[in-house]
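Residue strings, one per chain:
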Amino acid sequence: MKVRKPKIGIIPGDPSGIGPELIAKLLCDEEVANQDAHVLLIGDRHVLELGQSQADKFYNLTPVDVWKEDWVHTPSYAFFENTTIEPEQVVISEVTLESGISAMSNLNLALDLLKQGIIEALVFAPFNKEALKLGGLQFQDELHHMKDYLNYDGYITELNTLNGFWTSRVTSHIALKEVSDAITEKRVINSIELIDRTLKRSGVKRPRIAVAALNPHAGDGGNFGREEIDVIKPSVKKAELKQIAVDGPWPSDTVFLKYTKGEVDAIVTMYHDQGQIAIKLMGFDQGVTVLGGIPHPITTAAHGTAFDIAGKGIADLGAFRNAFELAGTMVMHWDQIDD
């Protein structure tokens, strides 16, 4: 019986960072090479070759025109060239306009391929947000750019996962002083529903979800704030009525103990650092970011471009390999769960 293989696109992210090196290490990893997935590399040949030199890992490329041919039958890794930057413009470990333009160009092309069904998932190596802004990013982050580019009007947020444990956040890249006003019943419920749906698309049949409080001691009955009473708790109750296995709000200084005790699969946090600090302490070099809500599986390593070690050949593959493996898993479960 013919086994269906997910079609996964990979882009190098910021060429000044560790992305090209990570791609070389990924594609030369024996476990990855033997996986049941079709890989399409998108970008500049010289950038990918630079990564091979940095990693001292070498793989073969087969050029394809994905608009005209079925790229999945290539004898080596399929490569769709997108000329975005000249070799002399790649400056390792520096934020540059040229690197930002390159990253944006590859991202937009990959999104076009997703829309056309030429690839089914996208894995991108780390971006540098400052470079993206120089290169034309008009939004607070790449997630909101993707939403706009794909003309998607649903709820979105970044999700993070590490060794089967997941976090999401009700608010993300905003100032702390704006967090309280941004926590609404709709956003809390959307966050719970999204992480429940995403875990199911990752193979978890009945996700167990805890919701973190905003205030110390979960507000202490209103003594330290009323967000838990007026917004978060009612939202959790409404999500429960939708047959989601969720509870809370739990004090944020102890809610992660529920994961260490094996009681939950995921935690919904109220703001960026509330969840990010915890999950990065658990394994900074292994975590994956999922672009939650986007109507295609899109993943990346949770760490950044690592300019401090770029070009040295010492970047850890763990998180990027996990992002690749998760993208394939999500493709295989994607259509089993309705939006």
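Residues numbered from 1 in each chain as written. Predicted model: local features only at pLDDT ≥ 70, side-chain atom pairs only at ≥ 80, totals over all residues. Heavy atoms only, no water.

Chemist: So what's going on with helix H12 (residues 318-334)? Residues and values would help.
Modeler: Taking 1.5 Å as the rise per residue, H12 with 17 residues should run 24 Å; its terminal C-alpha atoms sit 24 Å apart, in good agreement. When H12 is considered as a whole, its buried residues turn out to be Gly318, Ala319, Phe320, Ala323, Phe324, Leu326, Ala327, Gly328, Met330, Val331 and Trp334. (Helix = DSSP H or I, 4+ residues; strand = E, 2+ residues; numbered from the N terminus. Expected span 1.5 Å × (residues − 1). Buried < 20%, exposed > 50% of the residue type's maximum accessible area, 1.4 Å probe, protein only.)

Chemist: Give a detailed account of a nonpolar patch on the surface, specifying residues and quantitative values.
Modeler: A surface patch of nonpolar side chains, about 250 Å² in accessible area, is lined by Leu97, Ile101 and Leu134. Among the secondary structure elements, Leu97 is positioned in helix H4 (residues 97-115). You can call Leu97 partly exposed: its relative accessible area is 41%. (Patch = residues over 30% accessible without salt bridge, like charges linked within 9 Å, V, L, I, M, F, W, Y side chains within 5 Å. Areas by Shrake-Rupley, 256 points an atom, 1.4 Å probe, with all protein chains shown as cover. Salt bridge = Lys/Arg side-chain N within 4 Å of Asp/Glu carboxyl O.)

Chemist: Residues and numbers for empty space enclosed by the protein, please.
Modeler: The probe, sized like a water molecule, is rolled over the atoms to show the empty space still left. A full pass over the atoms with the stated rule returns two cavities of 30 Å³ or more. Taken as a whole, the largest cavity holds about 80 Å³ of empty space. Around the largest cavity sit 13 residues that line it, and Thr198, Arg201, Gly293, Ile294 and Trp334 are the ones nearest its centre. Looking at the lining of the largest cavity, the elements that each hand over two or more residues are helix H8 (185-200), strand E11 (288-292) and H12. The calculated volume of the second largest cavity comes to roughly 50 Å³. Among the secondary structure elements, those contributing two or more residues to the lining of the second largest cavity are strand E6 (157-162) and helix H11 (272-283). If one sorts the elements of the lining of the second largest cavity by residue count, H11 sits on top with four residues. Considering only residue class, the lining of the second largest cavity consists of five nonpolar, five polar and one charged. (1 Å grid on protein atoms, 1.4 Å probe; cavity = no way out; pocket = protein on both sides within 12 Å on 5 of 7 lines; lining within 4 Å. Points joined across faces, edges and corners; volume = space filled by probe spheres on them. Nonpolar A, V, L, I, M, F, W, Y, C, P; charged D, E, K, R; others polar.)

Chemist: Describe the sheet that holds strand E3 (residues 61-63), with residues and values.
Modeler: In spatial order, the strands read E3-E4-E2-E1-E5-E12-E11-E6-E7-E10-E8-E9; together these twelve strands make up an open sheet with mixed pairing. Looking at the sheet topology across the chains shown, the edges are occupied by E3 and strand E9 (245-250). Geometrically, the sheet is characterised by an average inter-axis angle of 25° between neighbouring strands, direction not taken into account. As paired strands, strand E7 (residues 165-169) and strand E10 (residues 266-269) are joined by four bridges and run parallel to one another. (Pairing = 2+ DSSP bridges. Axes fitted to C-alpha atoms, helices over the stretch in contact; angles between N-to-C directions.)

Chemist: Tell me what's going on with the pattern of salt bridges, and back it up with residues and numbers.
Modeler: One pass over the structure, following the stated rule, counts 15 salt bridges. Close ionic contact of Glu21 with Lys25 constitutes a salt bridge, the shortest N to O distance being 2.8 Å. Remark: Lys25 and Glu21 occur in helix H1 (residues 19-27); sequence separation between them is four residues, near one turn of the helix. With a shortest N-O distance of 2.5 Å, Arg169 and Glu158 are connected by a salt bridge. Residue Arg169 is found in strand E7, and its partner Glu158 is found in strand E6; the two are separated by eleven residues along the sequence. Judged by relative accessible area, Arg169 falls into the buried class, the value being 2%.

Chemist: Explain the packing of aromatic side chains to me, using residue names and the numbers behind them.
Modeler: For the structure on display, the rule yields five aromatic pairs. Centre to centre, the rings of Phe124 and Phe127 are 4.6 Å apart; their planes meet at 15°, and the pair counts as stacked. As far as the burial class goes, Phe124 and Phe127 line up, both buried. Over the face of the ring belonging to Trp334 we find Arg201, whose NZ or CZ atom lies 3.9 Å from the ring centre. A cation over a ring is seen here: Lys258 above Trp250, with NZ or CZ 4.2 Å from the ring centre. (Phe/Tyr/Trp six-rings, centres within 6.5 Å; stacked < 30°, edge-to-face > 60°. Lys NZ or Arg CZ within 6 Å of the ring centre and 35° of its normal.)

By themselves, these are just geometric observations and shouldn't be taken as functional.
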